[in-house]
Amino acid sequence: MPTLKEVLGPLISAAKHVFMKPYTIKYPYEKVPGMLEENYRYDPKAGIAYPGTKGRHLLRMEKCTGCSLCDIACQNIAEAITMVYAYDLFLDVPEEHFKEYGDPGSPVTGVAAALADGLAEVAEAGEVKYGYSHPVVPVLPDLKTVTKSDGFSSVRLVSGPVWARGIDFLVFSYLEGAFRALQGSGYSVALVEDQSPDKAVYEISKEGKAVRLRIEKRSMNIPVNKKSYFPSVDYGRCVFCGFCVDACPFYALEMTPDFELSSLSRQGLVYFPTALASPKVSTPPPTVNPIDAVMGWLRRKVF
């Protein structure tokens, strides 16, 4: 039979710990203490690495030359970096058919709606909630964005830019489903101009009426990077080693203390250049448990 001391000893020990300051934190209800506020960065001329937290990258686009050395440094380690271009997407509608734009039964409107829906479906997981991975896509492109040239009225399909490593990859990632849906509805889709990676034009026709989907590379107007070629980072693969920062000879990459990079989708972990260039981007995990939230508050205030 256990003695009274053997029974009460563990209970007394546990009671003492109730009034002790906890060693653990209840993240995300409590913040991680002791995080360095400085960015991890490297001076290639002096050969000195400056200490800092290795969190989300900060891309200084005005210094990036598109040399791809960060991409090369990441190869065979995590392969998390991909060099990408910025693209704009336009729907070119012949003037004689443009008056039908907005008519639900018009083939012209059918093309615009199918392309916008296809882009929005891809964008839903990442862009709609956080705004990082994909362009904002309207349900139907806004007529205020119309420009006229060469007998066509051109409607911008996305607020963009759409970032991709090439036009073929952009079509595969964003438009393949929309093309299949159009072909299933009786449209024909044909590539009529291919000047990759700068421009491509697809002709989409039905009932004798044809429109053009025009994909053009956007210039970001950065003198040191005339190709407008920048790195994107997949944080589902990144190991935060910092080798990409060490490899950049132009001081274009740093790593920030921003470590909250949660996402409810795999694609939401891909940060394109405009997101990497933002000074502060945080996506903490959702805090949906009110009991843990209250307990976290009490632990901060009481202990």
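Located above this text is the structure these notes cover.
Overview of the structure. (Residues numbered from 1 in each chain as written. Predicted model: local features only at pLDDT ≥ 70, side-chain atom pairs only at ≥ 80, totals over all residues. Heavy atoms only, no water.)

### Overview of the overall build of the protein
(1) Moving on: Assigned secondary structure in the protein consists of 8 helices and 13 strands.
(2) Moving on: The buried share among the 303 residues of the protein stands at 41%.
(3) Moving on: Intrachain contacts of the protein at a sequence separation of at least 6 include 69% that bridge at least 24 residues.
(4) Moving on: For the protein, the computed accessible surface area is about 16400 Å², with 58% contributed by carbon and sulfur atoms. (Helix = DSSP H or I, 4+ residues; strand = E, 2+ residues; numbered from the N terminus. Buried < 20%, exposed > 50% of the residue type's maximum accessible area, 1.4 Å probe, protein only. Contact = heavy atoms within 4.5 Å. Areas by Shrake-Rupley, 256 points an atom, 1.4 Å probe, with all protein chains shown as cover.)

### Points about the environment of Val111
(1) Moving on: Mapped onto the secondary structure, Val111 falls in helix α4 (residues 107-123).
(2) Moving on: Along the chain, Val111 and Leu182 lie 71 residues apart, while their C-alpha atoms are 7.1 Å from each other.
(3) Moving on: In this structure, Val111 is in contact with Leu91, Leu182, Tyr187, Ile204 and Val211, ignoring residues within four places of it in sequence.

### Describing a nonpolar patch on the surface
(1) Moving on: On the surface, Leu4, Val7, Leu8, Leu11 and Ile12 cluster together into a nonpolar patch covering about 470 Å² of accessible area.
(2) Moving on: Among the secondary structure elements, Val7 is positioned in helix α1 (residues 4-18).
(3) Moving on: By relative accessible area, which is 42% here, Val7 ends up partly exposed. (Patch = residues over 30% accessible without salt bridge, like charges linked within 9 Å, V, L, I, M, F, W, Y side chains within 5 Å. Salt bridge = Lys/Arg side-chain N within 4 Å of Asp/Glu carboxyl O.)

### So, helix α5 (residues 167-184)
(1) Moving on: At Leu175, α5 shows its largest kink, close to 65°.
(2) Moving on: Taken together, the buried positions of α5 are Ile167, Leu170, Val171, Tyr174, Leu175, Ala178, Phe179 and Leu182.
(3) Moving on: Where α5 ends, the next residue or the one after it, Gly186, has phi of about 100°, a positive value. (Bend = angle between axes of the 7 residues up to and from the residue.)

### Some points on the pattern of salt bridges
Pairing of side chains with opposite charge becomes possible as their charged atoms draw close.
(1) Moving on: Evaluation of the coordinates by the stated rule reveals 10 salt bridges.
(2) Moving on: Note that Asp88 is salt-bridged to Arg218, the shortest N-O span being 2.6 Å. Pair noted here: Asp88 is in strand β4 (residues 81-94) and Arg218 is in the loop between β10 (209-217) and β11 (229-234), with a separation of 130 residues, a long-range link.
(3) Moving on: Members of the salt-bridge network, linked through shared partners, are Asp92, Glu193, Lys199, Arg212, Arg214 and Glu216.

### Brief notes about the side chain of Ser232
(1) Moving on: For Ser232, the location among the structural elements is in strand β11.
(2) Moving on: Residue contacts for Ser232: discarding those within four places in its chain leaves Ala80, Ile81, Thr82, Val84, Tyr271, Phe272, Pro273 and Leu276.

### What about the packing of aromatic side chains?
(1) Moving on: Evaluation of the coordinates by the stated rule reveals 6 aromatic pairs.
(2) Moving on: A ring pair is formed by Tyr85 and Tyr87, whose centres lie 6.3 Å apart and whose planes are at 65°; its orientation type is edge-to-face. The same class applies to Tyr85 as to Tyr87, namely buried.
(3) Moving on: Ring geometry for Phe179 against Tyr202: centres 5.2 Å apart, planes inclined by 50°, an arrangement best described as tilted. Separated by 23 residues along the polypeptide, Phe179 in helix α5 and Tyr202 in strand β9 (residues 199-206) bring together distant segments of the chain. (Phe/Tyr/Trp six-rings, centres within 6.5 Å; stacked < 30°, edge-to-face > 60°.)

### As for the pairing of β9
The side chains of a regular strand alternate between both faces of the sheet.
(1) Moving on: Note: strand β8 (residues 188-195) against β9, 7 bridges, orientation antiparallel. From the neighbouring strand, Leu191 faces β9, where its bridge partner is Tyr202.
(2) Moving on: Where β8 hands over to β9, the hairpin turn is made up of 3 residues, counted between the paired strands.
(3) Moving on: Summarising the sheet, β9 and β10 pair through 8 bridges and their orientation is antiparallel. (Pairing = 2+ DSSP bridges.)

### Considerations on the nonpolar core
(1) Moving on: Counting 62 residues, the largest nonpolar core has Leu115, Leu175, Phe179, Ile204 and Ile215 as the members making the most contacts within it.
(2) Moving on: The greatest single-element share of this core, amounting to 9 residues, is contributed by β4. (Core = buried A, V, L, I, M, F, W, Y, C linked by side-chain atoms within 4.5 Å.)

That's the geometry; what it means functionally is another story.
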